[in-house]
Amino acid sequence: EPLSLFGSVSQSFLPNGTGARDVNGDFLDPETAMQYEAGVKTRWLDGRLTLDLTAFHLLKDDVAISDPANPGFSTNAGKLRSRGFEVDAAGELWPGLQLIGAYTYIDTEVIKSSSLPEGERFRNIPKNSGHLWVKYTIQQGRLKDLGIGVGMTAVEQRSGDNADSFALPGYATFNMVLDYRLKPDFGPELRLRVI
């Protein structure tokens, strides 16, 4: 009962439309894609914590990108591959203590192309990224229903251009949240949140 398996296969077709013309004014070929995905969903601690693991493999062909040699026009990027996995966790570990976290690994590669360097990664796609939020809501006393939370998002360095000639630095952002649930004797419950 606490374990679910899933999988999917999808094929897509995307006409490039009027916005994707090459330097000669011709429409680019439509983009096609094939994606495989499989994963597992589990529940722990009597259902208070859920963990999801998903693996994917995506192959795109005839992807339209901006033509670096001819600004304002598009060119065909060729065949691109993305694969990786994602882990998600969410739950209430103890009364009032909530946890939300995720980690993503993406390996990208230009498989075949006349406009991008083959074997290189896609620009602006980090290999590793993730986030974590922890929030506690006071359960009793004068401050009951006051929630305090902190969160962090982290992104690894990534390629700054399609030629992988420079790297964009990794970064981390930190956030805080305060919220309070008001339960008036009349009317709906209200929530005040400061992020």
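Predicted model only: the values in this text are computed from it and were never measured.

Participant: Outline the overall build of the chain, supporting the account with residue identities and numerical values.
Facilitator: A count of helices and strands for the chain gives 0 helices and 13 strands. Each helix and strand of the chain, placed in order from N terminus to C terminus, yields the pattern β-β-β-β-β-β-β-β-β-β-β-β-β. Dimensions of the chain, computed from the C-alpha atoms along their principal axes, are close to 70 × 40 × 35 Å. Looking at the chain as a whole, 27% of its 195 residues qualify as buried. Across the chain, every contact between residues at least 6 apart in sequence was considered, and the portion connecting residues at least 24 apart equals 50%. Total accessible area on the chain stands at roughly 12700 Å², and carbon and sulfur atoms take up 58% of it. Counting 20 positive and 25 negative side-chain charges, the chain places the averaged centre of each group 8 Å from the other.

Participant: Could you give an account of the confidence of the model for the chain, with specific residues and numbers?
Facilitator: Caution applies to low-pLDDT parts of the model: their predicted coordinates are not meant to be read in detail. Looking at the chain, pLDDT values average 87 and 95% of them are 70 or higher. The lowest-confidence element of the chain is strand 13 (residues 190-194), averaging 71 in pLDDT; the highest-confidence one is strand 8 (residues 128-137), averaging 96.

Participant: I'd like a description of the environment of Glu-118, backed by residues and values.
Facilitator: Relative to the assigned elements, Glu-118 resides in the loop between strand 7 (97-112) and strand 8. For the pair Glu-118 and Ser-165, spaced 47 residues apart in the sequence, the C-alpha separation amounts to 14 Å. Residues within four places of Glu-118 in sequence aside, it is in contact with Val-110, Ile-111, Lys-112 and Ser-113.

Participant: Could you give me a rundown of the packing of aromatic side chains, with the residues and numbers involved?
Facilitator: Going through the model one piece at a time under the given rule, you end up with 2 aromatic pairs. Judged by centre distance (5.9 Å) and plane angle (55°), the rings of Phe-85 and Tyr-103 are tilted. Here Phe-85, found in strand 6 (residues 79-94), pairs with Tyr-103, found in strand 7; they are 18 residues apart in sequence, far enough to count as distant. Given the relative accessible area of 33%, Tyr-103 is considered partly exposed. Taken together, a centroid distance of 5.8 Å and an interplanar angle of 25° make the contact between Phe-85 and Tyr-105 stacked. Highlighted residues: Phe-85 in strand 6 and Tyr-105 in strand 7, separated in sequence by 20 residues. Given the relative accessible area of 32%, Phe-85 is considered partly exposed. Each residue in the set Phe-85, Tyr-103 and Tyr-105 is aromatic and connected to the rest through ring pairs, giving one cluster.

Participant: I'd like a description of the pairing of strand 7, backed by residues and values.
Facilitator: Looking along a regular strand, one sees the side chains alternate between the two faces of the sheet. Pairing analysis gives 15 bridges linking strand 6 to strand 7, with the strands arranged antiparallel. Pairing of Trp-94 across the sheet is with Leu-97, part of strand 7. In this structure, the hairpin formed by strand 6 and strand 7 is closed by a connection of 2 residues, where Gly-96 is found at a positive phi of approximately 90°. Summarising the sheet, strand 7 and strand 8 pair through 9 bridges and their orientation is antiparallel. Looking at the pairing, Gly-101 lines up with Leu-132 of strand 8.

Participant: Break down the layout of surface pockets for me, citing the residues and quoting the values.
Facilitator: One way to see where empty space is left: roll a probe the size of a water molecule over the atoms. As a volume, the largest pocket reaches approximately 210 Å³. Lys-60, Val-63, Leu-80, Ser-82 and Phe-122 are, among the 13 residues lining the largest pocket, the residues nearest its centre. Listed by contribution, the elements that provide at least two residues to the lining of the largest pocket are strand 3 (49-61) and strand 6. Element by element, the count of residues in the lining of the largest pocket is highest for strand 6, at 3 residues. Across the lining of the largest pocket, the residue classes tally to 7 nonpolar, 2 polar and 4 charged.

Participant: Hey, could you go over the pairing of strand 1 (residues 3-14) for me, with residue numbers and the actual values?
Facilitator: Across the 12 residues of strand 1, 0 count as buried, placing the element largely on the outside. By the bridge criterion, 12 bridges tie strand 1 to strand 2 (residues 31-44) in an arrangement that is antiparallel. From the neighbouring strand, Gln-11 faces strand 2, where its bridge partner is Met-34.

Participant: Describe in detail unusual backbone geometry, supporting the description with residues and values.
Facilitator: Trans peptide bonds make up the majority, and among non-glycine residues the majority have a negative phi. Within the chain, Asp-46 stands out as a residue other than glycine whose phi angle is a positive 55°. Inspection of the secondary structure puts Asp-46 in the loop between strand 2 and strand 3. A positive phi angle, close to 60°, is found at Asn-124, a residue other than glycine. For Asn-124, the position within the fold is in the loop between strand 7 and strand 8.

Conventions and cut-offs
Residues numbered from 1 in each chain as written. Predicted model: local features only at pLDDT ≥ 70, side-chain atom pairs only at ≥ 80, totals over all residues. Heavy atoms only, no water. Helix = DSSP H or I, 4+ residues; strand = E, 2+ residues; numbered from the N terminus. Buried < 20%, exposed > 50% of the residue type's maximum accessible area, 1.4 Å probe, protein only. Contact = heavy atoms within 4.5 Å. Areas by Shrake-Rupley, 256 points an atom, 1.4 Å probe, with all protein chains shown as cover. Lys, Arg positive; Asp, Glu negative; His and termini not counted. Charge placed at Lys NZ, Arg CZ, Asp CG, Glu CD. pLDDT = per-residue confidence, 0-100. Phe/Tyr/Trp six-rings, centres within 6.5 Å; stacked < 30°, edge-to-face > 60°. Pairing = 2+ DSSP bridges. 1 Å grid on protein atoms, 1.4 Å probe; cavity = no way out; pocket = protein on both sides within 12 Å on 5 of 7 lines; lining within 4 Å. Points joined across faces, edges and corners; volume = space filled by probe spheres on them. Nonpolar A, V, L, I, M, F, W, Y, C, P; charged D, E, K, R; others polar.

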